[in-house]
Amino acid sequence: MSALKEEISRRRTFAIISHPDAGKTTLTEKFLLYGGAIAQAGEVKGKRAKAATSDWMEIERQRGISVTSSVMQFQHEGYCINILDTPGHQDFSEDTYRTLMAADSAVMVIDGAKGVEPQTRKLFKVCALRNIPIFTFINKMDREARDPLELCEEVERELGIDTYAVNWPIGCGKEFAGVYDREKSRILFFQGEGHGKKAAATEVNLDDQKVGELIGEKRWHALRDEVELLGAGRELDLQAVRSGKLSPVFFGSALTNFGVEPFLEEFLRMTTPPISRVADCGEVDAFSPDFSAFVFKIQANMNKAHRDRLAFMRICSGKFERDAEVYHMQTGKKMRLSQPQTMMAAEREIVDEAYAGDIIGVFDPGIFSIGDTITVPGKKFMFSGIPTFEPEHFMRVSPKDTMKRKQFIKGTEQIAQEGAIQIFKVPGAGMEEVIVGVVGTLQFDVFEYRMKNEYGVDLYMYGLSYEHLRRISVCPVEDPKDLTLCMGAEVLADFRDHYLIAFGGEWSVGFLLKHNPGLELSESLSV
């Protein structure tokens, strides 16, 4: 096997998704703990000195939630693992959607007491669209949980995917003693409450009399009956797993580390190396020697000392080499990517080389946008674009201190280019006042917080009654400002100078089309 093929074969790139508070960031921490990337995990909710590694933004540490996707790379048992920890809160699902575009598989974390929740359904649909493998980790078994069989049935019923229980829990809450490994026909008993340290496990065969002594005769017989019942179900079909038709289910507790290590090992065994990507020239093979990548995320001010801006790229094929010349499709220019880095949330390390499957961050002087394609010179193609979500909430925003106009413009433009918010202006007006559109209202809080803490600008923010935004694809008049508008509608321009109309109810579309013959409005705001 060539060195290139060997390096790409050991890559595993996956995203972790869940409804808020199902334990997604805690599970990410424990993966890092078992991978040796961190010595002690920080509990997300706990008011302790140590916060979660993946929650690097100050507001995340204060609120105990993830508001931006974070990228972490570590080595474990010969694999090079790239984890994408995503926000669970629905207000940040746009960031999660883009991040899922960079992943080859997904780990879906479900709360054992709550089962499938609204945000789980929404994010699952995104994974299903790409047919990527989905692994289910039913978490919080150290608390009172629902019947395991009932949980598996709910995943199948609610999400429309078959399931296969790879392991089976022994009890729940205070009586959660461990898991039964179906393939190896053994029981893993866990000792002590792990929290920030690795959990110790003892292996025992199911038929060993010792099991009855450890969990009691009654529970031992019940477990044997459950295992027999599971055996009558479907078989584990790896091909169905890899095509996104069958989800392997694991039970455990990320907080106490019960079941985390067996899950990580089985997950690495079942997942595939980086998958090929679709471009306008056809399928791009991950094992091709030619480097290619696409930008799925832009983040400013990760490093307070440097106030820089990083473009996150998913390498889709070949090998990336530092200082090698690449071609940026959107500008049609050759360039050298500056300061390529791998991530551990906010911590970075300069890299000389990276391979298909890896996520790298490169210094962005303002030339990259989400969805951009980078290739080797001479190979011209574009990966399919990443859609932009239509904002559902709008606010008119201006700086309280007019002397901070420059910082205000810089801050709004940089945060808008990250894709977290969308910025619009009234055509012909300056940037002293802008209209901010977001998918979820919590994004306004993050925007206001970041403008104050990263750019030193306090804001006036006024809510607007717009509900919809449509891009003007064909305008019947020379100046869009001369269109006949209904009550409460307004013509806006985005930072690429595309014209749009913001309005209230859906009925407005009929009015606009009737009173402006020849006007065409586009549903999509795609990048």
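Up top is the structure these notes are about.
Per-chain numbering applies: the sequence of each chain, read as written, is numbered from 1 onward. Restriction of local features to residues with pLDDT of at least 70 applies here, the model being predicted, together with a cutoff of 80 or more for giving and counting side-chain atom pairs; totals for whole chains, interfaces and linings are based on all residues. To get the side-chain values, take all heavy atoms of the structure and skip hydrogens and water.

(A) The arrangement of helix α6 (residues 148–159) in detail. Taking 1.5 Å per residue as the helical rise, α6 with its twelve residues ought to reach 16 Å, and the 16 Å between its terminal C-alpha atoms agrees with that figure. What makes two residues a contact is simply this: any of their non-hydrogen atoms within 4.5 Å. Only DSSP runs of H or I reaching four residues or more are called helices, and only runs of E reaching two or more are called strands; each is numbered from the N terminus. Next to the buried residues of α6 lie β4 (105–111), α5 (118–130), β5 (134–139), β6 (162–165), β7 (167–170) and β11 (246–251). Helix span, as expected, comes to 1.5 Å for every residue beyond the first.

(B) Quick peek at unusual backbone geometry. For K140, which is not glycine, the phi dihedral falls at a positive 65°. Mapped onto the secondary structure, K140 falls in the loop between β5 and α6. Its identity as a non-glycine residue notwithstanding, D323 has a phi of 70°, on the positive side. Among the structural elements, D323 can be located in the loop between β16 (319–321) and β17 (325–328). A residue is classified by how much of its surface remains accessible, and D323, at 49% relative accessible area, is partly exposed. For the exposure calls, accessible area comes from a 1.4 Å probe over protein chains only, and a residue counts as buried if that area is under 20% of its type's maximum, exposed if over 50%, partly exposed in between.

(C) Focus on the packing of helix α11 (residues 405–417) against helix α12 (residues 442–455). Throughout, an axis means a line fitted to C-alpha atoms (over the contacting stretch in the case of helices), and angles, computed between N-to-C directions, take values from 0 to 180 degrees. Contact pair α11 / α12: the axes reach a minimum separation of 10 Å and the direction vectors enclose 130°. Classified by the angle between their axes, α11 and α12 sit oblique to one another. For α11 against α12, the interelement crossing comes out right-handed. Counted together, Q407, F408, K410, G411, T412, Q414 and I415 of α11 and F447, R450, M451 and Y455 of α12 form the full contact between these two elements. When residues are grouped by polarity, Ala, Val, Leu, Ile, Met, Phe, Trp, Tyr, Cys and Pro land in nonpolar, Asp, Glu, Lys and Arg in charged, and all others, Gly among them, in polar. Broken down by class, the residue content of the contact of α11 with α12 amounts to five nonpolar, four polar and two charged. Throughout this description, any angle smaller than 35 degrees is read as roughly parallel, any larger than 145 degrees as roughly antiparallel, any in the 65 to 115 degree range as roughly perpendicular, and the remainder as oblique. In this scheme the handedness of a crossing depends on how the near helix is turned from the far one: anticlockwise by less than a right angle means left-handed, clockwise means right-handed.

(D) Region of interest: the side chain of Q414. Relative to the helices and strands, Q414 resides in helix α11. The exposure class assigned to Q414 is buried, which follows from its relative accessible area of 15%. Polar contacts, as used here, are pairs of N or O atoms within 3.5 Å; protein pairs need one atom able to donate a hydrogen and one able to accept it. Residues neighboring in sequence count only if both atoms are side-chain atoms. Among the polar contacts listed, one links the side chain of Q414 to the side chain of Y455, at a separation of 2.6 Å.

(E) Spatial organisation of the side chain of T271. Its place among the elements puts T271 in the loop between α10 (260–270) and β12 (277–279). Here the side chain of T271 touches L268 through a polar contact of 3.5 Å, landing on its backbone oxygen. Apart from the residues lying within four places of it in its own chain, the contact partners of T271 are R12, S105, F135 and R242.

(F) Local environment of a negative patch on the surface. Together, D147, E153, D225, E226 and E228 line one region of the surface with negative charge. By residue number, the principal contributor to the negative patch is helix α8 (residues 217–231), which donates three residues. Within the secondary structure, E153 is located in helix α6. A patch consists of residues whose relative accessible area exceeds 30% and which take part in no salt bridge; residues with like charges are grouped when within 9 Å of each other, and nonpolar side chains (Val, Leu, Ile, Met, Phe, Trp, Tyr) when within 5 Å. Here, Shrake-Rupley sampling with a 1.4 Å probe gives the accessible areas, and only protein chains in the shown set may cover a residue. The term salt bridge refers to a side-chain nitrogen of Lys or Arg lying within 4 Å of a carboxyl oxygen of Asp or Glu. A residue counts as positive if it is Lys or Arg and as negative if it is Asp or Glu; His and the chain ends are not included. The location of each charge is read from NZ of Lys, CZ of Arg, CG of Asp or CD of Glu.

(G) The arrangement of the nonpolar core in detail. We define a nonpolar core as any set of buried Ala, Val, Leu, Ile, Met, Phe, Trp, Tyr and Cys residues linked to one another through side-chain atoms lying within 4.5 Å. Membership of the largest hydrophobic core comes to 76 residues, with the highest contact counts inside it found for M313 and F368. Dropping the residues within four chain positions of it, F368 is found in contact with V295, I298, R309, A311, M313, H328, M335, L337, V362, F363 and I374. Grouped together as the second largest cluster of nonpolar side chains are 28 residues, I81, V260, F267 and L268 included.

(H) View of the packing of helix α2 (residues 24–34) against α10. For the pair α2 and α10, interaxial distance at closest approach is 10 Å and the crossing angle is 80°. With respect to α10, the axis of α2 lies roughly perpendicular. Residues L27, K30, F31 and Y34 of α2 form the contact with α10, whose own contacting residues are V260, E261, F263 and L264. Here the contact of α2 with α10 is built from residues that sort into six nonpolar, no polar and two charged.

(I) The pattern of salt bridges, seen in detail. Under the definition given, this model contains 22 salt bridges. For the salt bridge of D162 with R234, the shortest nitrogen-to-oxygen distance reads 3.5 Å. Of this pair, D162 sits in strand β6 while R234 sits in the loop between α8 and α9 (238–242), placing them 72 residues apart in sequence. Of the residues examined, D162 reaches a relative accessible area of 37% and is grouped as partly exposed. By relative accessible area, R234 is classed as partly exposed at 37%.

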